[in-house]
Every structure is written in structure tokens, then in C-alpha cells.
Amino acid sequence: MPKQPLSTDELLGSREIRFIDRQETNYPNLMRLCLDFDFCVLQLLHKTPVPTANKSFVLVTRDYRLTPTAAISPAFAELEQLETYVHLHQVDILHDYLFGFVDEDIASSARGLE
């Protein structure tokens, strides 16, 4: 799962969405990634509106301030859309988080050396 660029030049600001209570969350997959792993959800405020709105939500690694490619997901206009994306791609997200991103070209080159 390749990381998405998170360009601060296009943003007016951002805020972290906090998941505090495990019992009353509407977004269980996002909550689990944020509380049990090193992810957070950002609400981005764009300078120029994206196709649907000037706000969007994205899943990022906790070091998003230091890394320009910290975004794990594409930007979504609704938090529910991000929850659905994470639900569908949770295995890939956690695999890359735990084992690192393996480029297909590098993997095929390594297989050729065997």
C-alpha cells in the first residue's frame, strides 16, 4: 500500500480526530488503528476546494509532521468513507506498517537473484 503525498502547500490547516471511548465509537476500524497502532486521522482544510468540499479526512502515521509522504490513505470527503476504505484495506495497511513497504520491482529483482 503506497503512501500518499501530504502537501502542506495546499492546506490552510489540519486537526487530529481523537478516538477516546472504545465503547461508543462509530468508526471501529479507525479507532483500532489509532489506539492500538501508531496512526491518526487528520481533518484537512484545503485552500482550494477539492471536488466535493474544502474539508477532507485522511489516515496518516503519527510522524506526519516530519514526513511528506505520511498519508496512508487517499483523502475522503466524509469520515464514513475513510472508515470503509480502512475496513477494506486493513490487512495491507497493517502489513506495510509492521513489515514495511516492499516495492514490487525490488521484490521481483530479489527473486531473480535466488
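Structure first, text after, so check above.
Predicted model, so just to flag it, every value in this text is computed and none were measured.

About the cut-offs
- Residues numbered from 1 in each chain as written.
- Predicted model: local features only at pLDDT ≥ 70, side-chain atom pairs only at ≥ 80, totals over all residues.
- Heavy atoms only, no water.
- Buried < 20%, exposed > 50% of the residue type's maximum accessible area, 1.4 Å probe, protein only.
- Helix = DSSP H or I, 4+ residues; strand = E, 2+ residues; numbered from the N terminus.
- Contact = heavy atoms within 4.5 Å.
- Phe/Tyr/Trp six-rings, centres within 6.5 Å; stacked < 30°, edge-to-face > 60°.
- Bend = angle between axes of the 7 residues up to and from the residue.
- Lys, Arg positive; Asp, Glu negative; His and termini not counted.
- Salt bridge = Lys/Arg side-chain N within 4 Å of Asp/Glu carboxyl O.
- Polar contact = N/O pair within 3.5 Å; in protein donor to acceptor, adjacent residues only side chain to side chain.
- Core = buried A, V, L, I, M, F, W, Y, C linked by side-chain atoms within 4.5 Å.

## A short note on helix H1 (residues 28-36)
No. 1: All buried positions along H1 are accounted for by Asn-29, Leu-30, Met-31, Leu-33 and Cys-34.
No. 2: In this fold, the buried residues of H1 make contact with strand S2 (39-46), strand S3 (55-61) and helix H2 (79-99).

## Points about the packing of aromatic side chains
No. 1: Per the counting criterion, the structure on display carries three aromatic pairs.
No. 2: Between Phe-39 and Tyr-97, the aromatic rings sit 5.0 Å apart at their centres with planes inclined by 50°, giving tilted as the arrangement. Linking Phe-39 in strand S2 with Tyr-97 in helix H2, this pair joins segments that are 58 residues apart in sequence.
No. 3: Measuring from centroid to centroid gives 5.4 Å for Phe-76 and Tyr-85, while their planes differ by 45°, and the two rings are tilted. The exposure classification of Phe-76 matches that of Tyr-85, with both residues buried.

## As for H2
No. 1: Where H2 bends most, at His-89, the angle is about 75°.
No. 2: Within H2 the residues assigned to the buried category are Leu-79, Leu-82, Glu-83, Tyr-85, Val-86, Gln-90, Ile-93, Leu-94 and Asp-96.
No. 3: Elements in contact with the buried residues of H2: H1, S2 and S3.
No. 4: Phi turns positive one or two residues past the end of H2, at Gly-100, with a value near 90°.

## Some points on the side chain of Glu-83
No. 1: Assignment of secondary structure puts Glu-83 in helix H2.
No. 2: Among buried Asp, Glu, Lys and Arg side chains, Glu-83 stands out as unpaired, with Arg-32 the closest opposite charge at 11 Å.
No. 3: One polar contact links the side chain of Glu-83 to the main-chain amide nitrogen of Leu-30, over a distance of 3.1 Å.
No. 4: Discounting chain neighbours no more than four positions away, the residues touching Glu-83 are Tyr-27, Pro-28, Asn-29 and Leu-30.

## Regarding the pattern of salt bridges
No. 1: Under the criterion given, the structure shown has two salt bridges.
No. 2: The partner of Glu-16 in a salt bridge is Arg-18, with the nearest N and O atoms 3.6 Å apart.
No. 3: Residue Glu-16 is classed as buried on the basis of its relative accessible area of 18%.

## Here's the deal with the nonpolar core
No. 1: Phe-19, Leu-30, Val-41, Leu-59, Leu-82, Val-86 and Ile-93 are the most contacted members of the largest nonpolar core, which totals 19 residues.
No. 2: Sorting the residues of this core by element identifies H1, S2, S3 and H2 as the ones contributing at least two each.
No. 3: Tallying contributions element by element places H2 first for this core, with six residues.
No. 4: In this structure Leu-82 touches Leu-30, Val-41, Phe-57, Val-58, Leu-59, Ser-73 and Phe-76, once residues within four positions along its chain are discounted.
No. 5: Listed in part, the seven residues of the second largest apolar core include Cys-40, Leu-42, Leu-44 and Ala-71.

The analysis is restricted to geometry; functional conclusions fall outside its scope.
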